[in-house]
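Here is how the chains run, residue by residue.
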Amino acid sequence: QVQLVESGGGLVQAGGSLRLSCSASGRPFASVIMGWFRQTPGKEREFVASISWRGTTYVDSVKGRFIVSRPNGENTVSLQMNDLKPEDTAVYYCASHTRYIDEFMRGRPDYWGQGTQVTVSA
């Protein structure tokens, strides 16, 4: 089984920065796309950012502030979050798909991480 393990969440003041990291462990794993979703209580999980051979994609609300990358190869993904705002407060989930980019972008990755809390205070 494949596990995605996230780290780097926490509490930060508005305008600050955080970096989330995610790595895959378990059986041999090769993703075609990795990225991040987020969720707040009472709302559906929302796409945030992704990286694949097609490039990077961001939800409009984070463009210019967040940067997604694969710092250590295809089985890792990071999210550098700058100029954080209270509305960025959420549980952030790492996700991946081993075959279909479009399925990932429709919110149907084949693997999810356990989630990490990001809280931005005003």
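Just above sits the structure.
Residues numbered from 1 in each chain as written. Predicted model: local features only at pLDDT ≥ 70, side-chain atom pairs only at ≥ 80, totals over all residues. Heavy atoms only, no water.

Visitor: How do you make sense of the nonpolar core when you look at a structure like this?
Guide: One recurring pattern in soluble globular proteins: nonpolar side chains tend to sit buried together. Membership of the largest hydrophobic core comes to 33 residues, with the highest contact counts inside it found for Trp36, Phe66, Leu79, Met81 and Tyr92. Among residues more than four places away in sequence, those in contact with Met81 are Gly16, Ser17, Leu18, Leu20, Arg65, Phe66, Tyr92 and Val118. (Core = buried A, V, L, I, M, F, W, Y, C linked by side-chain atoms within 4.5 Å. Buried < 20%, exposed > 50% of the residue type's maximum accessible area, 1.4 Å probe, protein only. Contact = heavy atoms within 4.5 Å.)

Visitor: Looking at this model, I keep getting lost on the environment of Tyr92. Mind explaining?
Guide: Tracing the backbone shows Tyr92 in strand β9 (residues 90–97). Taking relative accessible area as the criterion, Tyr92 reaches 0% and is therefore assigned buried. Separated by 38 residues in sequence, Tyr92 and Arg54 have C-alpha atoms that sit 23 Å apart. Beyond its immediate stretch of four places on either side in the chain, Tyr92 contacts Glu6, Leu20, Trp36, Phe37, Arg38, Val48, Phe66, Leu79, Met81, Gly115, Thr116 and Val118. A polar side-chain atom of Tyr92 sits 2.7 Å from the main-chain carbonyl oxygen of Asp88. (Helix = DSSP H or I, 4+ residues; strand = E, 2+ residues; numbered from the N terminus. Polar contact = N/O pair within 3.5 Å; in protein donor to acceptor, adjacent residues only side chain to side chain.)

Visitor: When you look at unusual backbone geometry in this model, what are you seeing that I'm missing?
Guide: Apart from glycine, the bulk of residues carry a negative phi angle, and the bulk of peptide bonds sit in the trans form. Despite not being glycine, Asp83 has its phi angle at roughly 50°, a positive value. The partly exposed category is assigned to Asp83, whose relative accessible area is 40%.

Visitor: Please clarify how the pattern of salt bridges should be interpreted in this entry.
Guide: Where charged atoms from two side chains of opposite charge approach closely, those side chains can pair. The tally for this structure, following the rule as stated, stands at 7 salt bridges. For Arg38, the salt bridge is made with Asp88, and the minimal N-O distance between the two is 3.1 Å. In this pair, Arg38 is assigned in strand β4 (residues 33–39) and Asp88 in the loop between β8 (76–81) and β9, connecting sequence segments 50 residues apart. By relative accessible area, Arg38 is classed as buried at 6%. Given the relative accessible area of 1%, Asp88 is considered buried. Via salt bridges that share partners, Arg38, Glu46, Arg65 and Asp88 belong to a single interconnected network. (Salt bridge = Lys/Arg side-chain N within 4 Å of Asp/Glu carboxyl O.)

Visitor: Before we go on, may I ask you to explain the packing of aromatic side chains in this structure?
Guide: Two descriptors summarise a pair of aromatic rings, namely the distance from one centre to the other and the angle between the planes of the rings. Inspection of every chain in the model, using the stated rule, returns 4 aromatic pairs. Arranged with centres 5.7 Å apart and planes meeting at 80°, the rings of Phe37 and Phe47 form a pair that is edge-to-face. Taken as a pair, Phe37 in strand β4 and Phe47 in strand β5 (residues 46–52) lie far apart in primary sequence, 10 residues in all. Overall, the relative accessible area of 3% leaves Phe37 in the buried class. When the centroid spacing of 6.3 Å and the interplanar angle of 85° are considered together, the rings of Tyr93 and Trp112 count as edge-to-face. Here the residue Tyr93 occupies a position in strand β9, and Trp112 occupies one in strand β10 (residues 111–112), the gap between them amounting to 19 residues. Members of the aromatic cluster, joined through ring pairs, are Phe37, Phe47, Tyr93, Phe104 and Trp112. Of note, Arg45 hangs over the ring of Tyr93, and the distance from its end group to the ring centre comes to 3.7 Å. (Phe/Tyr/Trp six-rings, centres within 6.5 Å; stacked < 30°, edge-to-face > 60°. Lys NZ or Arg CZ within 6 Å of the ring centre and 35° of its normal.)

Any link to function would need more than the numbers given here.
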